[in-house]
Amino acid sequence: WEFNGSFYQPSAFLMMGIPGLEGLHHWISIPFCTLYLIALLGNCMILFIIKKTQSLHEPMYYFLSMLAVTDLGLVLCTLPTTLGIFWFNMRRIGFDACLTQMYFIHILSFIESSVLLAMAFDRFIAISHPLRHSSILTKKTVIKIGLAIILRGMVSLLPIPFLLKRLTYCGKTELSHSFCFHPDIMNLACADIKVNVFYGMIILLSTVGMDFIFIVLSYILIIKTVISLATKEECLKALNTCVSHICAVLVFFIPMIGLSMIHRFGKNVPPLVNTLVAYTYLIIPPALNPIIYSIKSSHIREALLRALRRKSE
């Protein structure tokens, strides 16, 4: 403990694995390793294929590349501490290291939300204004959107570590997960956390909440456009280009909303449920997104098959 007058700050926190199943951590690590491996290889494969395939150098796949990089970042943020607990029971994490991990996890989550919104906008333009799509979403515009997304995440979350460092902590230092999460750290403080709660809610609603609303509005406009198309075949073809994105949105937002609700209102939720929702939120989307896009996108699938044929030759 670091002591400074009446101000107390722990030198470290203790992370939690899966409550009640500590004796099975070595076995539980097998599916986690599998998911991490799928996420790492799958997202690297998506980036490699898009880079090497000239026909994929268009806005939809630029945004998909951003999604893959974000997913890789999320995996690399949580992998060391999660597998450290499962393999070596390394539960201790320094206070500053915990705040750093928390900051990057939240930034990458916010970036992923914004990238999914950008992808929804891309689908709306492609379906509603196909002739103007390339002139609206130029390469320079896509780069500007990407930089704006990163800047918004970094700036909006910058005060969070400082708001946590100003708090006094006492007694309990055990986190609920194998990674650092803002509500989890905040609830260990024995000081007034109203500012943290208020700022956290405002930022969450004004970023991820607004992203989700605009994604829904984009699809309402897309459906209106699709309904106006002449033939059933055209409708199905237009909607088929959105299926993989809709799956990615659901895979990301459902567990994220669930975890946020549990941390704020689920006082009586069993710890195991809390832990499983958290792992679903941070590990499942990075592992599933490459699979979803590889299965549903014929361009990605064909480029992958061509790359495999060249290697076999």
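Residues numbered from 1 in each chain as written. Predicted model: local features only at pLDDT ≥ 70, side-chain atom pairs only at ≥ 80, totals over all residues. Heavy atoms only, no water.

Novice: Got a minute to help me understand the overall build of the chain in this structure?
Specialist: Counting secondary structure elements, the chain contains 12 helices and 4 strands. For 313 residues, the compact-globule estimate of 2.2 N^0.38 gives 20 Å, and the C-alpha radius of gyration of the chain, at 21 Å, lies within 12% of that figure. Seen along its three principal axes, the alpha-carbon backbone of the chain occupies a region of about 70 × 45 × 35 Å. Classification of the 313 residues of the chain by burial places 49% in the buried group. Across the chain, every contact between residues at least 6 apart in sequence was considered, and the portion connecting residues at least 24 apart equals 80%. In the structure as shown, the chain presents an accessible area of about 15900 Å², 71% of it carried by carbon and sulfur atoms. Of note, the chain has its 25 positive side-chain charges centred 5 Å away from the centre of its 15 negative side-chain charges. (Helix = DSSP H or I, 4+ residues; strand = E, 2+ residues; numbered from the N terminus. Rg over C-alpha atoms; globule rule 2.2 N^0.38 Å. Buried < 20%, exposed > 50% of the residue type's maximum accessible area, 1.4 Å probe, protein only. Contact = heavy atoms within 4.5 Å. Areas by Shrake-Rupley, 256 points an atom, 1.4 Å probe, with all protein chains shown as cover. Lys, Arg positive; Asp, Glu negative; His and termini not counted. Charge placed at Lys NZ, Arg CZ, Asp CG, Glu CD.)

Novice: I keep staring at the pattern of salt bridges and nothing clicks. Help me out?
Specialist: Side chains that carry opposite charge are capable of pairing whenever their charged atoms lie near each other. Applying the stated criterion across every chain, the model contains 4 salt bridges. For the salt bridge of Arg152 with Asp211, the shortest nitrogen-to-oxygen distance reads 2.7 Å. Placement of the pair is Arg152 in helix 5 (residues 139-157) and Asp211 in helix 8 (residues 194-227), with a sequence separation of 59 residues. On the basis of relative accessible area, Asp211 is assigned to the buried category, the value being 2%. (Salt bridge = Lys/Arg side-chain N within 4 Å of Asp/Glu carboxyl O.)

Novice: Explain the packing of aromatic side chains here, please?
Specialist: Both the distance between ring centres and the angle between the ring planes are used here to describe each pair of aromatic rings. Applying the stated criterion to the full structure yields 12 aromatic pairs. On the numbers, 5.7 Å between centres and 70° between planes, the contact of Tyr103 with Phe104 is edge-to-face. On the numbers, 5.0 Å between centres and 85° between planes, the contact of Phe252 with Phe253 is edge-to-face. These aromatic residues form a ring-pair network of at least three members: Phe212, Phe252, Phe253 and Tyr281. (Phe/Tyr/Trp six-rings, centres within 6.5 Å; stacked < 30°, edge-to-face > 60°.)

Novice: Sorry if this is basic, but what is going on with the environment of Met66 here?
Specialist: Structurally, Met66 can be placed in helix 2 (residues 59-88). Taking the relative accessible area as the measure of exposure, Met66 reaches 21% and is therefore partly exposed. With 49 residues separating them in the primary sequence, Met66 and Val115 have C-alpha atoms 7.0 Å apart. Apart from residues no more than four positions distant in its own chain, Met66 is found in contact with Val115, Val142 and Gly146.

Novice: Looking at this model, I keep getting lost on the UniProt feature "transmembrane region" (unreviewed entry) in the chain. Mind explaining?
Specialist: Within this numbering scheme, the UniProt entry marks residues 24-50, 62-88, 100-121, 142-164, 197-222, 243-264 and 276-295 as carrying the feature "transmembrane region" (unreviewed entry). Taken as a whole, residues 197-222 contains 100% helix and 0% strand, while its terminal C-alpha atoms sit 36 Å from one another. For residues 276-295, the helix share is 100%, the strand share is 0%, and the end-to-end C-alpha distance is 26 Å. (UniProt positions renumbered as here; feature names shortened; annotations may be inferred.)

Novice: How do you make sense of empty space enclosed by the protein when you look at a structure like this?
Specialist: In this approach the atoms are scanned with a rolling probe the size of a water molecule, which exposes any empty space left behind. By the definition in use, this model includes 3 cavities of 30 Å³ or more. Space inside the largest cavity adds up to approximately 190 Å³. Along its surface, the largest cavity is lined by 15 residues, and His106, Phe110, Gly200, Leu204 and Arg264 are the ones closest to its centre. Residue assignment for the lining of the largest cavity shows that the elements contributing at least two residues are helix 3 (95-128), helix 7 (182-186), helix 8 and helix 10 (243-265). With 4 residues, helix 10 is the single largest residue contributor to the lining of the largest cavity. In the lining of the largest cavity, the residues fall into 10 nonpolar, 4 polar and 1 charged. (1 Å grid on protein atoms, 1.4 Å probe; cavity = no way out; pocket = protein on both sides within 12 Å on 5 of 7 lines; lining within 4 Å. Points joined across faces, edges and corners; volume = space filled by probe spheres on them. Nonpolar A, V, L, I, M, F, W, Y, C, P; charged D, E, K, R; others polar.)

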